[in-house]
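Letter by letter, the chains look like this.
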Amino acid sequence: MAPSPFAGPSEPGSAAGHRISRRNVLRGAAAGAGAVTLPALLAACGGGPGGDGKTVTMGSNASDPVPRKAFAEAFGAYAKQSAEGRKVKVNTVDHNTFQENINRYLQGQPDDVFMWFAGYRMQFFAKKGLLHDISDLWAGYKGFSQALKDQSTGEDGKQYLTPYYYYPWAVFHRKSLFQERGYQAPGTLDEYVALAKRMQKDKLVPIAFCDKDGWPAMGTFDYINMRTNGYEFHKNLMAGEEAWNSRQVKEVFDTWRRLLPYCQPDANGRTWQEAATSLQKRQTGMAVFGLPHPGQQFPESEQQDLDFFPFPVINPEHGQDAVEAPIDGYLLAKKSRNLKNDKTMESAKDLLKWLATGQAEDIYLRHDPNNIAVSSEADTSGYTPLQRKAVELVSGAKQISQFLDRDTRPDFSSTVMIPAIQRFISDPKDVDGLVNDIERQKKTVFASG
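Report follows, based on the coordinates. Just so it is clear, the model here is predicted, and its values are computed rather than measured.

### Description of the overall build of the protein chain
In terms of regular secondary structure, the protein chain is built from 20 helices and 12 strands. Residues classed as buried in the protein chain amount to 59% of the 449 residues present. Surface accessibility of the protein chain: about 16,700 Å² in total, with carbon and sulfur atoms responsible for 48%.

### A closer look at the sheet that holds strand S7 (residues 284-290)
Spatial strand order, S6-S7-S5-S8: four strands in an open sheet with mixed pairing. Of all the strands in the sheet, just strand S6 (205-208) and strand S8 (306-309) have a single pairing partner and so form its edges. Sheet twist, expressed as the average angle between the axes of neighbouring strands with direction ignored, equals 30°. Of the strand pairs in this sheet, S6 and S7 are connected by three bridges, and their pairing is parallel. Its bridge partner being in S7, Ile 207 is matched across the sheet by Met 286.

### Some thoughts on the pairing of strand S3 (residues 113-117)
S3 sits mainly inside the fold: five of its five residues count as buried. Residues of S3 alternate between two faces, with Val 113, Met 115 and Phe 117 on one and Phe 114 and Trp 116 on the opposite face, all of them buried. Across two bridges, strand S1 (residues 55-60) lies against S3 in parallel orientation. Residue pairing for S3: Met 58 is matched across the bridge by Val 113.

### What to know about the pattern of salt bridges
Taken as a whole and assessed by the stated rule, the structure comprises 21 salt bridges. Glu 73 is the salt-bridge partner of Lys 69, the closest N and O atoms lying 3.5 Å from each other. Taken together, the residues span about one helical turn, with Lys 69 and Glu 73 both in helix H2 (residues 65-81) at a distance of four residues. For Lys 69, a relative accessible area of 48% corresponds to the partly exposed category. Across the pair Lys 127 and Glu 155 runs a salt bridge whose closest N-O atoms are separated by 3.4 Å. Here Glu 155 lies in the loop between helix H7 (146-150) and strand S4 (162-166) and Lys 127 lies in helix H5 (residues 120-127), a separation of 28 residues in the sequence. The network of salt bridges with common partners includes Glu 84, Arg 86, Glu 346 and Asp 350.

### Some points on the packing of H2 against helix H16 (residues 358-367)
Across the interface, H2 lies against H16 with an axial gap of 8 Å and an inter-helix angle of 145°. In this structure, H2 meets H16 at a crossing whose hand is right-handed. Facing H2, whose interface residues are Val 66, Pro 67, Lys 69, Ala 70, Phe 71, Glu 73, Ala 74 and Ala 77, H16 presents Ile 363, Tyr 364 and His 367. Split by residue class, the contact of H2 with H16 holds eight nonpolar, one polar and two charged.

### Topic: the layout of surface pockets
By volume, the largest pocket amounts to about 460 Å³. Glu 300, Gln 303, Pro 369, Asn 370 and Thr 384 are, among the 20 residues lining the largest pocket, the residues nearest its centre. Within the residue set of the lining of the largest pocket, elements represented by two or more residues are H2, helix H14 (292-297), S8 and helix H17 (385-395). Of the residues assigned to the lining of the largest pocket, the class counts are eight nonpolar, seven polar and five charged.

### Brief notes about helix H13 (residues 272-280)
Here H13 has its buried residues at Trp 272, Ala 275, Ala 276, Ser 278, Leu 279 and Gln 280. Among the structural elements, strand S5 (169-174), S6, helix H10 (216-229), S7, H14 and S8 are those in contact with the buried residues of H13. Backbone geometry just after H13 places Arg 282 at a positive phi near 65°.

### A closer look at the nonpolar core
Soluble globular proteins: nonpolar side chains tend toward being buried together. In this structure, Phe 114, Phe 253, Trp 256 and Tyr 330 are the most contacted members of the largest nonpolar core, which totals 139 residues. A per-element tally of this core places helix H19 (residues 410-426) first, with eight residues. Dropping the residues within four chain positions of it, Tyr 330 is found in contact with Met 58, Phe 71, Phe 75, Val 113, Phe 114, Met 115, Tyr 160, Leu 161, Thr 162, Tyr 164, Leu 352 and Leu 355.

### Re the sheet that holds strand S11 (residues 372-373)
Pairing is mixed across the open sheet formed by six strands, whose spatial order is S2-S1-S3-S10-S4-S11. Here the strands that pair on one side only, and so sit at the sheet edges, are strand S2 (87-92) and S11. As paired strands, S4 and strand S10 (residues 327-332) are joined by four bridges and run antiparallel to one another. Each residue of the ladder has a partner; that of Tyr 165, found in S10, is Asp 328. Sitting on the sheet, H16 touches S4 and S11, and the angle it makes with S4 is about 35°.

### Concerning the packing of H2 against helix H15 (residues 342-355)
It is at 11 Å that the axes of H2 and H15 come closest, and there the two elements cross at 115°. By the angle class used here, H2 and H15 are roughly perpendicular. Judged by the sense of rotation from one axis to the other, the crossing of H2 with H15 is right-handed. For the pair H2 and H15, the contacting residues are Ala 74, Phe 75, Ala 77, Tyr 78 and Gln 81 in the first and Ser 347, Asp 350, Leu 351, Trp 354 and Leu 355 in the second. For the contact of H2 with H15, the per-class residue count stands at seven nonpolar, two polar and one charged.

### Details of the packing of aromatic side chains
Centre-to-centre distance and the angle between the planes together describe a pair of aromatic rings. Tallied over the full model, the rule gives 38 aromatic pairs. Judged by centre distance (6.3 Å) and plane angle (75°), the ring pair of Phe 209 and Trp 256 falls under edge-to-face. Here Phe 209 is found in the loop between S6 and H10, whereas its partner Trp 256 is found in helix H12 (residues 247-259), with 47 residues between them in sequence. The same class applies to Phe 209 as to Trp 256, namely buried. Grouped by ring-pair contacts, the aromatic residues Phe 209, Phe 221, Trp 244, Phe 253, Trp 256, Phe 412, Phe 424 and Phe 446 constitute a single cluster. Sitting over the face of the ring of Phe 308, Lys 389 holds its NZ or CZ atom 4.9 Å from the ring centroid.

Cut-offs applied
Residues numbered from 1 in each chain as written. Predicted model: local features only at pLDDT ≥ 70, side-chain atom pairs only at ≥ 80, totals over all residues. Heavy atoms only, no water. Helix = DSSP H or I, 4+ residues; strand = E, 2+ residues; numbered from the N terminus. Buried < 20%, exposed > 50% of the residue type's maximum accessible area, 1.4 Å probe, protein only. Areas by Shrake-Rupley, 256 points an atom, 1.4 Å probe, with all protein chains shown as cover. Pairing = 2+ DSSP bridges. Axes fitted to C-alpha atoms, helices over the stretch in contact; angles between N-to-C directions. Salt bridge = Lys/Arg side-chain N within 4 Å of Asp/Glu carboxyl O. Left-handed = near helix turned anticlockwise from the far one by under 90°. Contact = heavy atoms within 4.5 Å. Nonpolar A, V, L, I, M, F, W, Y, C, P; charged D, E, K, R; others polar. 1 Å grid on protein atoms, 1.4 Å probe; cavity = no way out; pocket = protein on both sides within 12 Å on 5 of 7 lines; lining within 4 Å. Points joined across faces, edges and corners; volume = space filled by probe spheres on them. Core = buried A, V, L, I, M, F, W, Y, C linked by side-chain atoms within 4.5 Å. Parallel < 35°, antiparallel > 145°, perpendicular 65-115°, else oblique. Phe/Tyr/Trp six-rings, centres within 6.5 Å; stacked < 30°, edge-to-face > 60°. Lys NZ or Arg CZ within 6 Å of the ring centre and 35° of its normal.

Purely spatial values, then, with no claim about function.
Shown next as structure tokens:
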């Protein structure tokens, strides 16, 4: 098995600034600079004053049953091994609610530690002064590669994230369905379309499709873009350095429009859980998802039937060089009241040090086999065939992206790209009008600094 590109030698690399980044929506990220009280969110997910110095509050977006249970096992194991009697109080909020209100949450009364994403999404909040520098912890971390450290580093060269796992995006399907119908994994876009047409003749909806949550369809956009124009174009487009009304972007939407007749209709009204369940129920034949998404909707008895193939080649010049592989981890909230207590800060950092170990990742992944460990010290001997295949996919990539809403400014992805993609899904005819509107709004957002 090829080693993970995120698993490195035992000694950490040198500090390095890095502007790279992906997952889930942040509609509230463009909110004003002042703290906003969100009673429903902060009542369930917010740290109170004081604390006993041994209890660390954790803001969690792991609201789905599988990861929620896996995190509970990991945090419970931490408490058992703590000689000082430290423990974790987990405040879980619905995944999308957490993402949509993260900016306000971090400026209000956040928990001591919270779950979030590597790359640009982390850098955005570090730059706003909402995260604690944990470079001192990174000086002692082992098992993380330089590439992983880069994606945990802010623009100031300091580290802010303790990474925990990653997961690649690909085209998922049921092995048994492909075997029964004689379907072959397509290598090119033409083969992908031909397979979709064959599925339609077999009375299947070829591609499970959803975007009610605002982020799932971004994965399809990213792959079409990187397969058509390459990773460097993707990176520059996300940075605001390429025009959205360019020929290259129009080609992306034109290609996507070619695929829409084979997708589930009314995608803007369908959640990712519903789309993944349609794959599990054999109502659809394929789905562009991240590894955890279909995996969480397949019962344990059917897990071995889940498989994937890389998103097909569009432009041979770029082949299948790029893979989306988002990284998730833990951060310390600067405005946590509890962290003003030196003992609580010590406990919070102790928790992060433990979560950075292979042992901590092993405990989590035993209960959630839908992700991949980032530490070279994690035990991968018990990986499922799907996990091993995921490692090989990422290890073989020439470039690794994080996802549209992690690779760009949160205010741009939330206020511009979510409605733009949903508009395209509802009415894909006016591509020129769509991209001109995106470009106009992009200039305004990126000019705001």
